[in-house]
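A look at the structure
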Amino acid sequence: MKKRVAVTGIGIVSPLGCSVDTFWQALSNGVSGVRSISQYNARGLPVRIAAEVTNFSPNGHFGKPYAFSSSLSMGFDRRTKFALAATEQALKDSKLNKDLLADANVYLGAGEGPNRVELISMLLAPLLKEDGTCDEPRLFTSPAAEEFALHDLLMEATVPASLIAKNYGICGEVMTSLSACAASSQAIGEAMRRIQNEECPIALAGGTHTMTAALDVIGFALLSALSPGNGDPKTASRPFDRNRDGFVLGEGAGMLILEEFEHAKKRGARIYAELIGYGASSDAYRVTDMHPDALGAVSAIDAALNDAAIDPKDIGYVNAHGTSTLENDRSETKALHTALGKYAPMIPVSSIKSMTGHAVAAAGVIEIIASILALNEQVLPPTINLETPDPECDLDYVPNKARATHFDVAMSNSFGFGGQNVALLVRKGELNG
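Reading guide: rules and limits
- Residues numbered from 1 in each chain as written.
- Predicted model: local features only at pLDDT ≥ 70, side-chain atom pairs only at ≥ 80, totals over all residues.
- Heavy atoms only, no water.
- Helix = DSSP H or I, 4+ residues; strand = E, 2+ residues; numbered from the N terminus.
- Polar contact = N/O pair within 3.5 Å; in protein donor to acceptor, adjacent residues only side chain to side chain.
- Contact = heavy atoms within 4.5 Å.
- Buried < 20%, exposed > 50% of the residue type's maximum accessible area, 1.4 Å probe, protein only.
- Axes fitted to C-alpha atoms, helices over the stretch in contact; angles between N-to-C directions.
- Parallel < 35°, antiparallel > 145°, perpendicular 65-115°, else oblique.
- Pairing = 2+ DSSP bridges.

**What to know about the side chain of Ser14**
Here Ser14 lies in the loop between β1 (5-13) and α1 (20-28). At 3.0 Å, the side chain of Ser14 forms a polar contact with the backbone nitrogen of Leu16. Sequence-distant contacts of Ser14, defined by excluding residues within four places in its chain, comprise Phe23, Val53 and Glu251.

Okay, structure coming up:
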């Protein structure tokens, strides 16, 4: 018998707020977190909007969320600071005795940090010779060399998970998932598997990413993937709307504390929800597009349903990947029709990327958190900006306003670049202490 997996702590840093309460209030009220880029001067870029995290201060929000020297922590990028803050929130929320963390595991979806191009110029410009070569002996003794080396190290995708483990003395398995837009959902699924198989009683699982830097915006804009809605940022992300024209880049982090159910019950923990199903697959099709028949997405959903041993009719809500691109929204709709059959038109579906933008490696955890909160509040977050339905997107997308309802099981989909697909199923918690 597989062990049951409880969610006992939640932490989040998002464009809609840097706490669970502020995030949920904005989400349930249909507030958009998309705005003109403020981190740098985006003038001249083809896309000048993003869903940025604002009003974030680790010390201001969470006291002292990580115990590193000030000289080192100053070198942390936003992605890493977000991860550390979300972890501290989740652990405080769980009321978990930190003496138990030595045997815990960490699973984090992440990507590389944003490179500071100006550091390369600072390092190399003084060392260039007239013939165009670099003065190599001086390169390794340059005052800027140490800063560049530390920066390059801290940009590795594995750094946030490693620092979380160091900060809390976690000596179990530490794994970073790099499966693009499905990364944090995959991390949560793998953590769930370890607990089910009795490999660990506690796991910290989530994701973090920020892809709102200039190079990221330029790259996705050149792929024609981003909405050019610079004039009205709040309406730029419009999943399933006939007039959608691309997604909006976002950023953030989320962390879940997962425990073996009886372990959580014994210590009297609040159980937000129970993870019951995990399915993963690959399209093996293209680097940027889903399979036109959504074969990989269907396979992941089928696997999650089989893992949970439930039928499509048991699902009360789907938190869609819903990016606001023509291809994804139509393919996902097709996947839901295929996997859920005759029940698909009766199951509400919404995309919170209409409000949060696309946080890439952190998108999945932000969306499963939204699903868990929806279960607890019995309210479905809306798909905002859905004004003109696409005839090829014909499901119930909870347009524009949140909806009170009664349901016990939610599904969250994550479909990433490279054809990575993950579906997670979560059930309302039995205990709410």
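Having seen the model, we can carry on.
**Brief notes about helix α8 (residues 159-168)**
Taking burial as the measure, the 10 residues of α8 include eight buried ones, the bulk of the element. Taken together, the buried positions of α8 are occupied by Val159, Pro160, Ala161, Leu163, Ile164, Ala165, Asn167 and Tyr168. In this fold, the buried residues of α8 make contact with α4 (78-94), β4 (105-110), α7 (143-154), β5 (174-177), β6 (202-210) and β7 (251-260). Directly after α8, the chain includes Gly169, whose backbone phi takes a positive value near 65 degrees.

**Here's the deal with the packing of helix α9 (residues 183-196) against helix α15 (residues 363-377)**
Where α9 meets α15, the axes come as close as 5 Å, and the angle between the chain directions of the two elements is 65 degrees. With respect to each other, α9 and α15 are oriented roughly perpendicular. Every residue of α15 that contacts α9 at Ser184, Ser185 and Ile188 is listed here: Ala363, Gly364, Val365 and Ile368.

**So, the pairing of β7**
Across the 10 residues of β7, 10 count as buried, placing the element largely inside the fold. Here β6 pairs with β7 via nine bridges, running antiparallel. Within β7, the position partnered with Gly206 by the bridge is Met255.

Nothing here speaks to function; it is geometry throughout.
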